[in-house]
Structure formats: C-alpha cells, structure tokens
Amino acid sequence: MNENLSPPIQPWDSHNRKLVANVAPPDWKNPTPASRYNLVVIGGGTAGLVTAVGAAGLGAKVALVEKHFMGGDCLNVGCVPSKALIRAARAVASVREAGEYGITIPPGATVDFGRVMQRMRQLRADISPHDSAQRFTDLGVDVFLGAGRFTGPDAVMVGGQTLRFSKAVIATGARAAAPPIPGLADVPYLTNETLFSLTELPKRLGIIGAGPIGCEMAQSFARFGSEVYLVETGHGVLAREDRDAAQIVQTAMERDGVRILCCGKDLKLTRDPAGVRLRVDSHGQGFEVVVDQLLVAAGRAPNVEGLGLETVGVEAGKKGVKVNDRLQTTNSRIYACGDICSPFQFTHAADFMARLVIQNALFKGRARASSLIIPWATYTSPEVAHVGLYEKDAPAKGIELDTFTQELNQVDRAILDGETEGFVRVHVRKGTDEIVGATVVAAHAGDLIGELTLAMKGRLGLKTIGGTIHPYPTQAEAIRKTGDLYNRTRLTPLVKSLMQRWLAWQR
Ligand SMILES: Cc1cc2nc3c(=O)[nH]c(=O)nc-3n(C[C@H](O)[C@H](O)[C@H](O)COP(=O)(O)OP(=O)(O)OC[C@H]3O[C@@H](n4cnc5c(N)ncnc54)[C@H](O)[C@@H]3O)c2cc1C
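Reading guide: rules and limits
Residues numbered from 1 in each chain as written. Predicted model: local features only at pLDDT ≥ 70, side-chain atom pairs only at ≥ 80, totals over all residues. Heavy atoms only, no water. Helix = DSSP H or I, 4+ residues; strand = E, 2+ residues; numbered from the N terminus. Rg over C-alpha atoms; globule rule 2.2 N^0.38 Å. Buried < 20%, exposed > 50% of the residue type's maximum accessible area, 1.4 Å probe, protein only. Salt bridge = Lys/Arg side-chain N within 4 Å of Asp/Glu carboxyl O. Pairing = 2+ DSSP bridges. Right-handed = clockwise from strand over helix to strand, strands pointing away. Axes fitted to C-alpha atoms, helices over the stretch in contact; angles between N-to-C directions. Parallel < 35°, antiparallel > 145°, perpendicular 65-115°, else oblique. Left-handed = near helix turned anticlockwise from the far one by under 90°. Contact = heavy atoms within 4.5 Å. Nonpolar A, V, L, I, M, F, W, Y, C, P; charged D, E, K, R; others polar. Expected span 1.5 Å × (residues − 1). Phe/Tyr/Trp six-rings, centres within 6.5 Å; stacked < 30°, edge-to-face > 60°. Lys NZ or Arg CZ within 6 Å of the ring centre and 35° of its normal. Core = buried A, V, L, I, M, F, W, Y, C linked by side-chain atoms within 4.5 Å.

Student: Would you mind going over the overall build of the protein chain with me for this structure?
Tutor: Looking only at helices and strands, the protein chain has 15 helices and 23 strands in total. In summary, the protein chain has a C-alpha radius of gyration of 25 Å against a globular reference of 23 Å for 507 residues, a match within 12%. Over its C-alpha atoms, taken along the principal directions, the protein chain stretches across nearly 90 × 60 × 40 Å. Relative to its 507 residues, the protein chain shows a buried fraction of 51%.

Below you can see the structure in the form of structure tokens.
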C-alpha cells in the first residue's frame, strides 16, 4: 500500500471544492506551448512557484508543470493545515490552563474535532487563490497540469505536449519516506498526505518519528484528546536540537499526555481487528498497544521517480537530485531547488533557493546556496527555533565559541505570560561579538529567531543587539539581554578599576 503517490484531497465539501478549483481545476486546459521557453519548471510547490513567477516577472518565457496540486506540500498537506491544527490545539490548552489565570471554565468544554478540521479546510481554501493555476497564468506563466518528464536534452513532456527549454528547473519536492519497519507494508497507515483528511479524532494514535512533524502532531492530537504513542529510535525528541532545548519540549509534550517511547528498538507492526498493533522495546522494556490510526513521520524521500533524469544526465540518489553550490545539477542546463535537493526542507528555504536559481540560470549569476542563512522552527508549545551553528558542530568547523544564555524565567513578559520555560542562547566567535548561531525555546520562538537571523545576515554583532532598545515588556527582551551578558564580559578588571578611579575623583 502506498498512499503517498495519489492525490489525497477530495472535493467532498465546499472548502475542498474551492481548494481544488484553485490548485487543480478539473476543467483546466493546458495552453499551447511556446516554441521555446527560457525556463521550464517541473513542480508547482513553493520552490517551483517562486522560480516561475520570479522569472516571468523579469520578462522570461516560463512554463510551470504540476502533476497534483499547485502549492505543493506546504499549502495542501504540510505547513498550512498543520499550523491550523496547532492553533486549535493551543486554544484547547488555553481553556485547560485557564484556572491558572483565575478563570473558571464551566465543566463540559469539549473538542469538536470535525469543526477543527473544517476550520483548517476553510483556511486552507481561503489561502489557496494565492497559489492558483489562474493567478500564475495571470502573472504570465504558462501553467501545465500533468506529470512532467524529460524526453530529450531540451524537452519536457507533459500530457502529450512537448515543452522546449533553454534552461529547466527540477522542483518536485519530497514525500513521507516508508522506513524499513517490519510489518509496515501490511498495515494501513497515514502520512502527511492523508492525516489532514481525517474527519474523526482517533482514540489512540501511534506516531513513528519524533522529528518536527511527529512532535507537532503528537502534541496537537494529545491536546485534542487522543491517546498518543510517539515512537522514536533515537534518545528523546527533536534529535537535531540542543538536548536541553529538546528536553523542554519533551517535558511539555509529556505533560500534554503524549507517551514518548524513545530509544525504540525492534519495532513491529501487525494488523489488528481494532487497528494496528505496535510492539516496541523502549529503554529495554517491552511495550505493546493497539492504535486506531498510525502516522508515519520518519523522514522524507525525494520525488525523483518518473522524471526521465537519466535521459538528461541528471544524477540523483537517496538524498535527491545532486546539485553544486550554485544549485546546478550534473547537467549544466538544469537546476534544482527546494526539498528535492536540499537538506533544509522548509518552505522559506525553498523560496530563497528559487530566487538563487533565477539569478544563476537566467543571468549567469554565481550566487551560492552555502551563503544562505536559513533559520527554522518547530511549532510545538513551546516552540524551538534555531539558526546557524550548534555548539556540538563547532569543533568540526574549527570554530571556538563564547555562549550567552538568557533564561526566560528572568524575563518579565515571560513571567507575566506564564511562559517561563525556555531560553535564548547565542553563540559568538570566541573573543568577538560575531553571532554564529542561536537557539530559542519560547512560546513564539519562530518569531523571535528572525531578529538573530537578521543580525547574522547584516553582520550586526551581539553588542549592537545589547544596545538596541526593545519595548518593555516583551519576550524579545530576552534577546537584548544576551547582548547585556556579552557587554558585561567586556568590563575587564582594568576597565572596571579605571572607571572606579574616575568616579572616586568625581566625588
Ligand atoms: C506536515 C508538514 C508540515 C510542515 N510544516 C512546515 C513549516 O511549518 N514550515 C516550513 O518552512 N516547512 C514546513 N514543511 C516543509 C515544507 O512543506 C516543504 O519544505 C516545502 O513544501 C518544499 O517545497 P518544494 O516546492 O520543494 O516541494 P513540494 O511542496 O513538495 O512541491 C513539489 C511539487 O512537485 C510536484 N511534482 C512532483 N513530481 C512531479 C512531476 N513529475 N511533474 C510535475 N509535478 C511534479 C508535486 O506534486 C508537488 O506539488 C512541512 C512539511 C510537512 C509535510
């Protein structure tokens, strides 16, 4: 069973009908191809859309080919629906925690999962005109709906039509990987492609993979009222993040009721009349449960199949299409961007890689992917956001660090908000104030990390952040306070004694 390859969104209610009418209009007629395009883009997710519209805006003749839904994962089965659910789950948490703020909620407050999902479908449909086939046509892009594949050195075939190109871009994204777990192929399971089509809250939900998607959904569904079992082979959640940052999230998830089965070994899945039976050893102890639904969120597989890459000499492997630092594939006329070729599988990364491809493919630019400073965030409660270096990676890069950490429990606004779990941590190059990395754990860490990303991009040091007035009281003051911590280290004994002498003389 492979639920990943067929489009899961069905036009069964007015919201989905609106969505489909925008992103995969059933009556769409592909245009007559131009004799030759400056750029043919395969894939209409963020990477493909930004490439196509940016290039067309600069006067290029552009064709965009999309086989399922314009907007790709982000709009249809990724960021947008997941963040709509997270928002609803936060509302549930606010109601449950209302007592802490002196508010009594009369008994009987319940979660209407059907309405939560309906709200998500409505918001997704409301956002969809932005990515619609018609909008891109109006912006000067020739939109072809259908699967694209290379058929010759300068040719892409879609729906029986041939599109000739001077340059091409592969932006076909990625899908949920099916890890080699005994029994997985024999049991029904959800991926991000089908999760958002649920209409009933699973009483028991198993989730495999405690990365960002697994954690975000585990916490949300636990807040909605599912019994959630989160299985992870590694130690703890969010393997990429600093351990103390991940531990804060893990504790919060456990408090919300998520049962985390980490250091999981010998996971086995079997069919059960009530759903899926899941057996796993966690920390050496056997654990067994039957779940009504199982979500697999254990990594992503690049969409390289059926593209005819061999026809055009484009090399690809398990990590996707091989590209150099200028995002050029092994065929110098063909570029790639987004999840298909990037270790940074985020919408904003796809967006900025696309901008880089436009420069390099159309204007012989020399922009490098390695120069992009890419932050990211996981939208649990609290959120974890990061940019640049982690402390653990610094030795391998030969960089020595000074680190400044400001706990949120010393920040007035965080105290007033009841959101004291977390910190802002900034790494600078030793002996300087040059910011080389930062981690934020906070209710809205994804918003806070932007300031530190700007500082890195604009080469503004931590000293400048310390001297920048932030409104009081805000949680962003935690960032300014890391600047204060840095400034205090500049107060050497010599400087201090000179100042004391000056002040004594002034008395
Ligand atoms: C549940 C979930 C939550 C996420 N949340 C966030 C988040 O909060 N923030 C964030 O930054 N990122 C998030 N992401 C990641 C984000 O969705 C991706 O990084 C982003 O969608 C990548 O864009 P892309 O254009 O590279 O690929 P995609 O969005 O996958 O688009 C690729 C497109 O190519 C099409 N295609 C494939 N093969 C062909 C072909 N042969 N011919 C024509 N078309 C083809 C596909 O149908 C698809 O529409 C999330 C992902 C998931 C799954």
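So much for the structure itself; the text now carries on.
Student: I tried to follow the pattern of salt bridges on my own but got confused; where do I start?
Tutor: Opposite charge on two side chains allows them to pair when their charged atoms are near. Applying the stated criterion to the full structure yields 26 salt bridges. Between Lys18 and Asp126 there is a salt bridge, and its shortest N-O distance comes to 2.8 Å. Within this pair, whereas Lys18 is found in helix H1 (residues 14-23), its partner Asp126 is found in helix H5 (residues 113-127), the two being separated by 108 residues in sequence. Between Arg175 and Glu305 there is a salt bridge whose closest N-O contact spans 2.9 Å. Of this pair, Arg175 sits in strand S7 (residues 174-176) while Glu305 sits in the loop between strand S15 (300-302) and strand S16 (316-317), and the two are 130 residues apart along the sequence. Residues joined in a network through salt bridges with shared partners are Asp272, Arg277, Arg279 and Glu288.

Student: Any chance you could explain the pairing of strand S9 (residues 227-231) here in plain terms?
Tutor: Side-chain direction in a regular strand flips from residue to residue, so the side chains alternate between the two faces of the sheet. The buried fraction of S9 amounts to 4 of the 5 residues, a majority that puts the element mostly inside the structure. Where strand S8 (residues 204-208) lies against S9, 5 bridges are found, and the strand directions are parallel. Residue pairing for S9: Gly206 is matched across the bridge by Tyr229. Taking the sense of rotation as the criterion, the β-α-β connection linking S8, helix H8 (residues 212-224) and S9 turns out right-handed. Strand direction decides the pairing type here: S9 and strand S10 (residues 259-261), joined by 3 bridges, are parallel. Note that in S10 the partner of Tyr229 across the bridge is Arg259.

Student: What am I meant to see in the packing of helix H4 (residues 79-96) against H5 here?
Tutor: When two helices pack together, their arrangement is captured by the angle between the axes and the distance separating the axes. Two elements in contact, H4 and H5, have axes separated by 9 Å at closest approach and are oriented at 135 degrees. In this view, H4 runs oblique relative to H5, as classed from their interaxial angle. The crossing of H4 and H5 is right-handed. In this structure, H4 uses Val80, Pro81, Ala84, Leu85, Arg87 and Ala88 to contact H5, whose residues at the interface are Val116, Met117, Arg119, Met120, Leu123, Arg124 and Ile127. Here the contact of H4 with H5 is composed, by residue class, of 10 nonpolar, no polar and 3 charged.

Student: What am I meant to see in the sheet that holds strand S12 (residues 275-282) here?
Tutor: By definition, the strands of a sheet pair up through backbone hydrogen bonds, in either a parallel or an antiparallel sense. Spatial strand order, S11-S12-S13: 3 strands in an open sheet with antiparallel pairing. Bordering the open sheet on either side are strand S11 (264-272) and strand S13 (285-291), each of which pairs with just one other strand. Averaged over neighbouring strand pairs, the angle between their axes works out to 15 degrees when direction is ignored. Inspection of the sheet shows S11 paired to S12 by 7 bridges, in the antiparallel sense. Paired with Lys268 across the bridge in S12 is Arg279.

Student: What is the right way to look at helix H2 (residues 46-57) in this model?
Tutor: Working note: α-helix, 3.6 residues per turn, so residues spaced by three or four point in the same direction. Helix length check: H2 (12 residues) gives 16 Å between terminal C-alpha atoms against 16 Å at 1.5 Å per residue, within 8%. Positive phi shows up at Gly59, right after H2, with a value of about 105 degrees.

Student: What is the right way to read the environment of Gly365 from this model?
Tutor: Topologically, Gly365 is positioned in the loop between helix H10 (347-363) and strand S19 (376-378). Taking the C-alpha atoms as reference points, Gly365 and Asp154, separated by 211 residues in sequence, lie 21 Å from one another. Non-local contacts of Gly365, meaning those with residues more than four positions away in its chain, are made with Arg326, Gln359 and Asn360.

Student: So what exactly am I meant to see when it comes to the packing of aromatic side chains here?
Tutor: A complete count under the given rule lists 10 aromatic pairs for this structure. Here Phe113 and Phe224 contribute two aromatic rings whose centre-to-centre distance is 5.9 Å and whose plane-to-plane angle is 65 degrees, an arrangement assigned as edge-to-face. Here Phe224 lies in helix H8 and Phe113 lies in helix H5, a separation of 111 residues in the sequence. Judged by relative accessible area, which is 5%, Phe113 ranks as buried. Among the aromatic side chains, those forming a connected cluster through ring pairs are Phe344, Phe346, Trp376 and Tyr390. Against the face of Trp376 rests Arg240, its NZ or CZ located 4.5 Å from the ring centre.

Student: What is the right way to look at the sheet that holds strand S21 (residues 401-407) in this model?
Tutor: One open sheet holds the 5 strands; their spatial order is S19-S20-S23-S22-S21, and the pairing between them is antiparallel. Looking at the sheet topology across the chains shown, the edges are occupied by S19 and S21. Taken pair by pair, the neighbouring strands of this sheet meet at an average axis angle of 10 degrees, ignoring direction. Looking at chain direction, S19 and strand S20 (residues 383-388) are connected through 3 bridges and run antiparallel. Within S20, the residue paired with Ala377 across the bridge is Ala385.

Student: Got a minute to help me understand the nonpolar core in this structure?
Tutor: Generally speaking, soluble globular proteins have nonpolar side chains that are buried together. If you look at the biggest cluster of nonpolar residues, it comprises 98 residues, and the most contacted ones within it are Phe150, Ile170, Phe221 and Leu230. A total of 7 residues in this core trace back to one element, the largest contributor, which is H4. Each residue touching Phe221, except ones within four places of it in the same chain, is listed here: Leu85, Phe113, Leu195, Leu198, Leu201, Pro202, Leu205, Ser226 and Val228. Counting residues in hydrophobic clusters, the runner-up holds 26 residues, among them Ala385, Phe404, Leu408 and Val426.

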